[in-house]
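Overview (structure and organization)
As a plain string of letters, each chain reads:
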Amino acid sequence: MTKKYKIALTTLSFVFVIILLVGLGYLFFEKPFSKPDNAYVFVDGDLSFNFLDGNEFDTTEREISINFSVTNTSNIPYFYNINLKNTNDSKDASFTLESTRTGFQTISKKYPSENITLASTIRINGSETHSYTFTIKNESNETIKGSVMTELEKDMSTLSNMILKNNIVNTTTKTEVASSIATEEEGLIESTDDYGTSYYFRGATKNNYVSFAGFIWRIVKINGDGTVKLVLDSLMNNNTQYYTGEFDLLLENSNIYQILNNWYDENLKSYDNIIAPFSFCTDDTTDTEGFSSLTRIYTNHAPIFQCLGSTSHLKIGLLTADELSFAGATNQSNNQNFYLYNPNIKTSWWTMSPAKNINNTYTFIEVSKDGLLNEGTNGQLFRGNRPVINIMRRATATGTGTEEDPYKVNNA
């Protein structure tokens, strides 16, 4: 064997061993992570939005899931939104949005045919990560298209963001909602409504005052779409019948709405561009005890922000008994120490929650002058009236929300 041949053979053997070792290493050792081609990862300021499997979908599969996370790399809180865009018409598909973060309640809805906000003005604290799973169920295997989008909330001067910035958001209450009255300041509580993540005030709140259109209002909640629900801090009047004559429970067909609407035209019409149309809920679903709102609050002590009945898309309305329960009232005790009690109100006032239908006479849940939820007041009796409006999400504000320095809506 010649020397050249020996050298060539040795070289080939060495190369073979190297190839073998590399192959074994690839086979038996963990592969390094590499992002898929459709990964969607971007950074906006101190927030990192991570869709490692992509955020767009065009599929006929029966079920798909998109996992994503939001990370705050700073030591200060920020706010962000989650949107569903570029959707198409669908007959049977539905979706859920779930999260591992504390206090988040799963959002489940029919798949929409237009862009929607899944959750808005979500607070993320410094050095915190929120993880989500967006799942589509498509039983009929139709084509489903869309994209999940996240964005940093940059305008912190809007009323909703000012409220969030000035309050610590809690995920639990100090007292049990609808079972115990809230007499202490329990702050701003995170929840879920028909529009996504919402935030409501509970107890002896002292920083939810708003000066708007020449009146003082109290903030009830930030709705899931970023609008802000306000209730007048006083009575509009103290002698309103909820309905007269024949009536079908819908708010817009009631006597009280006609009075509310006339008051709106006289006092708020010039601010129409900043007051959002809102779906006011009449829970006209029934059970063995009467209307569902009565059973839900009086028997089960389980109020909700979701609407189970009919809605009226209006600029002005009333509070529901559920919203009173979240604020701190019950049907068991007076409460003169929560923010919806006003010592200057000397009479009971209406909610828009029906209680019973007794021989075609409708009764409604009312609030006593001492802050007690009363069952079954005949809707043809005269009671007080506290208007409710919703301020548009884009509205900016100044102030701190205290009685001495209420929020003032700027672009009204």
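See the structure shown above.
A few points on the structure. (Residues numbered from 1 in each chain as written. Predicted model: local features only at pLDDT ≥ 70, side-chain atom pairs only at ≥ 80, totals over all residues. Heavy atoms only, no water.)

1. Topic: the sheet that holds strand β10 (residues 144–152)
For the record, the criterion: Paired strands are those between which DSSP finds at least two bridges. Elements are defined by DSSP. Helices are runs of H or I of four residues or more, strands are runs of E of two residues or more, and each kind is numbered from the N terminus. Geometry is summarised by axes, namely lines fitted to C-alpha atoms with helices restricted to the contacting stretch, and by angles between N-to-C directions that run from 0 to 180 degrees.
In space, the four strands of this open sheet follow the order β3-β10-β5-β8, with antiparallel pairing throughout. Each edge of the sheet is formed by a strand with only one pairing partner; in this case those strands are β3 (56–59) and β8 (116–124). For this sheet the average axis-to-axis angle between neighbouring strands, irrespective of direction, equals 15 degrees.

2. Some points on the packing of aromatic side chains
Convention followed: In this scheme Phe, Tyr and Trp rings, the latter by its six-membered ring, pair at centre separations within 6.5 Å, and the angle between planes marks the pair as stacked below 30 degrees, edge-to-face above 60, and tilted otherwise. Only protein chains enter the area calculation, which uses a 1.4 Å probe; residues under 20% of their type maximum are buried, those over 50% are exposed, and those in between are partly exposed. Think of it as a cone above the ring: NZ of Lys or CZ of Arg counts as a charge over the ring if it is within 6 Å of the ring centre and within 35 degrees of the ring normal.
Across all of its chains, the model carries 29 aromatic pairs by this definition. For the pair Y195 and F278, a centre-to-centre distance of 5.8 Å together with 45 degrees between the ring planes defines the contact as tilted. In this pair, Y195 is assigned in the loop between β12 (185–193) and β13 (196–203) and F278 in strand β18 (residues 278–282), connecting sequence segments 83 residues apart. Taking relative accessible area as the criterion, F278 reaches 7% and is therefore assigned buried. Grouping aromatic residues by their ring pairs yields a cluster made of Y40, F42, F49, F51, F68, Y80, F104 and Y132. When the ring centre of F305 is taken as reference, the NZ or CZ atom of K221 above it lies at 4.7 Å. A cation over an aromatic ring shows up here: R386 above the ring of W349, its NZ or CZ 4.6 Å from the ring centre.

3. Notes on the pattern of salt bridges
Note the following rule: By convention in these notes, a salt bridge is any Lys or Arg side-chain nitrogen within 4 Å of a carboxyl oxygen on Asp or Glu.
With the rule as written, the count across this model stands at 13 salt bridges. Residue R62 pairs with E139 through a salt bridge whose shortest N-O separation is 2.7 Å. With R62 in the loop between β3 and β4 (63–72) and E139 in the loop between β9 (129–137) and β10, this residue pair connects regions lying 77 residues apart in the sequence. Taking relative accessible area as the criterion, R62 reaches 45% and is therefore assigned partly exposed. For E139, a relative accessible area of 48% gives the class partly exposed. A salt bridge links R383 to E366; the shortest N-O distance between them is 2.6 Å. Of this pair, R383 sits in strand β25 (residues 382–385) while E366 is found in strand β23 (residues 361–367), placing the two residues 17 residues apart along the sequence. Here the two residues R383 and E366 agree in accessibility, since each one is buried. Beyond isolated ion pairs, a larger network of salt bridges with shared partners links D283, R296 and D322.

4. Quick word on the state of the cysteines
What counts, and what does not: When two cysteine sulfur atoms lie within 2.5 Å, the pair is treated as a disulfide.
All chains considered together, the criterion is met by one disulfide. Paired through a disulfide, C281 and C307 show a sulfur-sulfur distance of 2.1 Å. Residues C281 and C307 are joined by a disulfide whose S-S torsion is about 80 degrees; by sign, that bridge is right-handed. In this pair, C281 sits in strand β18 while C307 sits in the loop between α4 (292–299) and β21 (310–314), placing the two residues 26 residues apart along the sequence. Across the pair, C307 and C281 agree in class, each one buried.

5. Side note on the environment of N334
The test is simple: We call two residues contacting when some pair of their heavy atoms lies within 4.5 Å.
Along the chain, the position of N334 falls in the loop between α5 (321–327) and β22 (349–358). Taking the C-alpha atoms as reference points, N334 and D193, 141 residues apart in sequence, are found 27 Å from one another. Among all residues touching N334, those that are not within four sequence positions of it are I181, S368, D370, G371 and L372.

6. Quick notes on the nonpolar core
The following threshold applies: What makes a nonpolar core is a set of buried Ala, Val, Leu, Ile, Met, Phe, Trp, Tyr and Cys residues whose side-chain atoms join them at distances within 4.5 Å.
In this structure, F57, F134, F212 and Y242 are the most contacted members of the largest nonpolar core, which totals 96 residues. It is helix α3 (residues 255–267) that provides the largest number of residues to this core, a total of five residues. Excluding anything up to four places from it in sequence, F57 contacts I64, I66, L84, Y111, F134, I136, I144, K145, G146, S147 and V148.

7. Looking at empty space enclosed by the protein
Applicable threshold: Grid points spaced at 1 Å over the protein atoms alone were grouped into cavities, where a 1.4 Å probe fits but cannot get out, and pockets, open sets with protein on both sides within 12 Å along at least five of seven lines, with lining residues defined by an atom within 4 Å of a point. Grid points are joined across faces, edges and corners, and a volume is the space filled by probe spheres set on the points. Each residue is assigned to one of three groups, with Ala, Val, Leu, Ile, Met, Phe, Trp, Tyr, Cys and Pro labelled nonpolar, Asp, Glu, Lys and Arg labelled charged, and all others, Gly among them, labelled polar.
Across all of its chains, the model carries one cavity of 30 Å³ or more by this definition. For the largest cavity, the calculated volume is near 40 Å³. Contributing to the lining of the largest cavity are F338, L340, Y341, N342, I345, W349, V367, S368, K369 and G371. Partitioned by chemical class, the residues of the lining of the largest cavity number six nonpolar, three polar and one charged.

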